[in-house]
Amino acid sequence: MTEHTIHMPCTEEQIRELKVGDTVILEDWLYGIRDATQIHMFDKGRETKFDLNGHAVIHTAPNVKKVPPSNFCPAGYESVCIGTTTSMRMERFTRPLMEKNGVRMIIGKGGLGEDSRAAFKDLGGVYLAIIGGTAALETTWIERITDVDLEDLNPECLWEFRIKHFGPLLVAMDAHGGSLYDGVKKTAAERRAEALAAMGVAAEGASS
Amino acid sequence: MKLDMEAVEEAAKHLYIQALKILPPDIKEGFQRLDATETDPTAKSILATMIQNIEVAEDTTNLLCQDTGIPIYNLEIGSGIDFDGHKLKEAIRKGCERATTEHPLRSSVVHPITRINEQTSCGIRVPVINIDFTDKDEVFEMEMIPKGSGSENGSYLKMCIPAEGVAGIKSFVVDKVIECGGRVCPPTIVGVGVGGTSDLCTKLAKKAGARALGSTCPDPEGAKLEKELSAAVNMLGIGPQGLGGDSTAFAVHVETAATHITMNPVAVNIMCHSARRARATFTPKGVEIGF
């Protein structure tokens, strides 16, 4: 288990070095993306003005305050509270996000599925787990909102954040097919019968 | 006592913001309890970060979680309360909207078909307002719950048949907790509704999930079931954030209702670790704000 600090954007080589169980602190740049953002990008054919090549995206839709544009808030948005949403809903967008836009890291909570695992392996990507529901803390790692695209989707726009010591994040799925969620899933399936037996229930197949 | 609608509107606004920033004491104690018994080092460090986040939110008066949720107001109206029901609902809606635009908060509410966000946290039939009546004389209570979507998406109903018995209920709950894994932001409160009609069963699951930690089901049979289920789900090893550990759920809470001779419904509704709620109690002495 190694601790890494990565300045964004990053290279495929840097990604391939990361192994599940490692921790990562990101510096400089991060992009916020969400359900509607990706539905519009990949189902409705909208393009983003941002070059996401080698970048990290975080599954988020922040609380923001509209302010007059200034040097500190050029896009006219001040951050109020920025946190992370459940990733699994956005599973089908991992591959297009990597293939079409060159994204290398996805930050989220709860993990991603088999298609994402394959995409990370084929194209060189990782899933970094953040602790869901700890947005007050996460907000302190974000310096400011520097730009915004697909603004009509607010709060589900594509946000550009300037970050400082963003993490530690846990490498939960790596570019070698590894996933921390597999072990937990296996354990839960194994312990199911034991948990049911403790309540006097004979374990049969999973109920539907 | 005549309800002052301006005070109701102010309270509806205040409760939404307070609920998003300060966790109730029973949930904070729940974290300490899990932290003391957790044996997995990764899980322990995740719990520590969650506890740190509660402190940072209070120190910076910021939101605990970015998800402002679907706003829910649960009302309990005493027999000595004089009120205009329509105006009461309007006052709550106005307070909810003002919390969103004045704080400001992210509006997480969209039209279900067009997906258009009015940026007010309100829409058709939202905020959800549940109304109940009590025999407490001049007491009006308003509970506010901003229900996060990660855990609300962990909602299930099964119309079991009588032949499946309580065993069917137990295995359904265990299987749904496994299916949810880390998506619902564990450690959770697993709300379980047993009996009633399909809609009542689902409603009871939500009520159970929102109950304070340490409370028990008023039906002794439900209380027995929730104790068994609480121990069982924490044997699964899902842990905080679904990354492994002992702390899968703070507790399983059960609420029951009578049902039909041919029915055996069970519903699950999960509450995430940011188990937020706030309460205003109106009496002739004034308005008291708490949890």
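From a predicted model like this one, the values you see are computed outputs, not experimental measurements.

Colleague: Give me the overall build of chain B: which residues, what numbers.
Modeller: Looking only at helices and strands, one finds eight helices and nine strands in chain B. Against the compact-globule benchmark of 19 Å for 291 residues, chain B has a radius of gyration of 19 Å, which places it among compact chains. Along the first, second and third principal axes, the C-alpha set of chain B runs to 50 × 50 × 45 Å. Expressed as a percentage of the 291 residues in chain B, the buried residues total 51%. Within chain B, contacts between residues at least 6 apart in sequence are counted, and of these 80% link residues at least 24 apart.

Colleague: Residue-level account of the overall build of chain A, with values.
Modeller: Assigned secondary structure in chain A consists of six helices and nine strands. A globule of 208 residues ought to have a C-alpha radius of gyration of about 17 Å, and chain A, at 18 Å, matches this closely. Across its three principal directions, the C-alpha atoms of chain A cover 65 × 35 × 35 Å. Of all intrachain contacts in chain A linking residues separated by at least 6 positions in sequence, the fraction that spans at least 24 positions is 64%.

Colleague: Explain the sheet that holds strand β7 (residues 264-271) of chain B residue by residue, including any values.
Modeller: One key point about sheets: their strands pair by backbone hydrogen bonds, in either a parallel or an antiparallel sense. All names here are of chain B. With respect to topology, four strands assemble into an open sheet ordered β4-β7-β5-β6, the strand pairing being mixed. Looking at strand neighbours, the two that pair on one side only are β4 (155-160) and β6 (249-257), the edges of this open sheet. With direction set aside, neighbouring strand axes in the sheet form an average angle of 15 degrees. For β4 and β7, the ladder comprises six bridges, and the chain directions are antiparallel. Residue pairing in the sheet places Cys160 in a bridge with Asn264 of β7.

Colleague: So what's going on with the interface of chain B and chain A? Which residues, and what values?
Modeller: Opposite the 48 residues of chain B that make contact, chain A presents 44 residues. Residue contributions to the side of chain B that touches chain A peak at eight residues, all from helix α6 (residues 165-180) of chain B. Here the residues of the side of chain B that touches chain A sort into 22 nonpolar, 19 polar and seven charged.

Colleague: Lay out the pairing of strand β8 (residues 278-283) of chain B in plain terms, naming residues and giving numbers.
Modeller: Residues and elements named next belong to chain B. The pairing of strand β3 (residues 140-147) with β8 spans five bridges and is classified as antiparallel. Along β8, the bridge assignment pairs Phe140 with Phe282. Direction of pairing for β8 relative to strand β9 (residues 286-290): antiparallel, over a ladder of five bridges. Within β9, the residue paired with Phe282 across the bridge is Val287. Hairpin remark: β8 followed by β9, antiparallel, with two residues in the connecting loop.

Colleague: Give me the lowdown on the nonpolar core, citing residues and values where you can.
Modeller: Side chains of nonpolar character tend, in soluble globular proteins, to be buried together. If you look at the biggest cluster of nonpolar residues, it comprises 140 residues, and the most contacted ones within it are A:Val126, A:Leu128, A:Ala172, B:Val173, B:Val190, B:Val192 and B:Val233. No other element matches strand β9 (residues 158-173) of chain A, which puts 10 residues into this core. Leaving out residues up to four positions away in the same chain, B:Val173 has contacts with B:Val190, B:Val192, B:Leu229, B:Val252 and B:Val268.

Colleague: I'd like a description of helix α8 (residues 220-233) of chain B, backed by residues and values.
Modeller: The end-to-end C-alpha distance of α8(B) is 20 Å, a good match for the 20 Å that 14 residues give at a rise of 1.5 Å each. Here α8(B) has its buried residues at B:Gly222, B:Leu225, B:Glu226, B:Leu229, B:Ala232 and B:Val233. The buried residues of α8(B) all sit within an arc of 125 degrees when viewed along its axis, so they share a single face. On its buried face, α8(B) is in contact with α6 (180-197) of chain A together with α6, β5 (188-195) and β6 of chain B.

Colleague: Help me get a handle on the packing of helix α3 (residues 94-101) of chain A against helix α4 (residues 114-123) of chain A, residues and values and all.
Modeller: Residues and elements named next belong to chain A. Where α3 meets α4, the closest approach of the two axes is 8 Å, and the angle between their N-to-C directions is 25 degrees. As judged from the angle between their axes, α3 and α4 are roughly parallel. Contacts between α3 and α4 involve Thr94, Arg95, Met98 and Glu99 from the former and Asp115, Ser116, Ala119 and Leu123 from the latter. Looking at the contact of α3 with α4 residue by residue, the classes come out as three nonpolar, two polar and three charged.

Colleague: Provide a residue-level description of the domain arrangement of chain B, including the pertinent values.
Modeller: Residue and element names in this part refer to chain B. Looking at chain B, the domain boundaries give domain 1 (5-20 + 64-148 + 275-290) and domain 2 (150-271). Distance from the C-alpha centre of domain 1 to the C-alpha centre of domain 2: 26 Å. On the side of domain 2, six residues touch domain 1, which itself brings seven residues to the contact. Residue composition of the side of domain 1 that touches domain 2, by class: three nonpolar, one polar and three charged.

Colleague: Could you give an account of the sheet that holds β8(B), naming the residues involved and the relevant values?
Modeller: Residue and element names in this part refer to chain B. Strand order in this open sheet of five strands is β2-β1-β3-β8-β9, and the pairing throughout is mixed. The open sheet has two edge strands with one neighbour each: β2 (128-133) and β9. Each strand axis lies, on average, 15 degrees off the axis of its neighbour in the sheet, ignoring direction. Against the sheet, helix α1 (residues 5-21) makes contact with β1 (70-77), β3, β8 and β9, and its axis sits at roughly 40 degrees relative to β3, the strand it touches most.

Colleague: Account for the environment of B:Glu288, with residues named and values stated.
Modeller: Mapped onto the secondary structure, B:Glu288 falls in strand β9. Separated by 109 residues in sequence, B:Glu288 and B:Glu179 place their C-alpha atoms 40 Å apart.

Colleague: How would you summarise unusual backbone geometry if you had to cite specific residues and measurements?
Modeller: A:Met8 connects to A:Pro9 through a cis peptide bond whose omega is 0 degrees. By the secondary structure assignment, A:Pro9 is in the loop between β1 (3-7) and α1 (12-16). The omega torsion across A:Gly167 and A:Pro168 is 10 degrees, close enough to zero to call that bond cis. By the element assignment, A:Pro168 lies in strand β9. For B:Cys185, which is not a glycine, the phi torsion comes out positive at approximately 60 degrees.

Colleague: Outline the environment of B:Cys217, supporting the account with residue identities and numerical values.
Modeller: Here B:Cys217 lies in the loop between α7 (198-209) and α8. Between the C-alpha atoms of B:Cys217 and B:His253, which are 36 residues apart in sequence, the distance is 7.1 Å.

Colleague: Give a description of the environment of B:Arg276 that names residues and reports values.
Modeller: Residues and elements named next belong to chain B. With respect to the helices and strands, the residue Arg276 is situated in the loop between β7 and β8. Note on Arg276: 29 C-beta atoms within 10 Å, which makes it buried. Arg276 sits 249 residues away from Ile27 along the chain, and the two C-alpha atoms are 8.6 Å apart. Excluding anything up to four places from it in sequence, Arg276 contacts Ala19, Leu20, Leu23, Leu64, Ile145 and Pro146.

Reading the values: the criteria
Residues numbered from 1 in each chain as written. Chains lettered and ligands numbered in written order. Predicted model: local features only at pLDDT ≥ 70, side-chain atom pairs only at ≥ 80, totals over all residues. Helix = DSSP H or I, 4+ residues; strand = E, 2+ residues; numbered from the N terminus. Rg over C-alpha atoms; globule rule 2.2 N^0.38 Å. Buried ≥ 20, exposed ≤ 12 C-beta atoms within 10 Å, placed from the backbone. Contact = placed C-beta atoms within 7 Å. Pairing = 2+ DSSP bridges. Axes fitted to C-alpha atoms, helices over the stretch in contact; angles between N-to-C directions. Nonpolar A, V, L, I, M, F, W, Y, C, P; charged D, E, K, R; others polar. Core = buried A, V, L, I, M, F, W, Y, C linked by C-beta atoms within 7 Å. Expected span 1.5 Å × (residues − 1). Arc of directions from axis to C-beta. Parallel < 35°, antiparallel > 145°, perpendicular 65-115°, else oblique. Domains from an automatic or database assignment.

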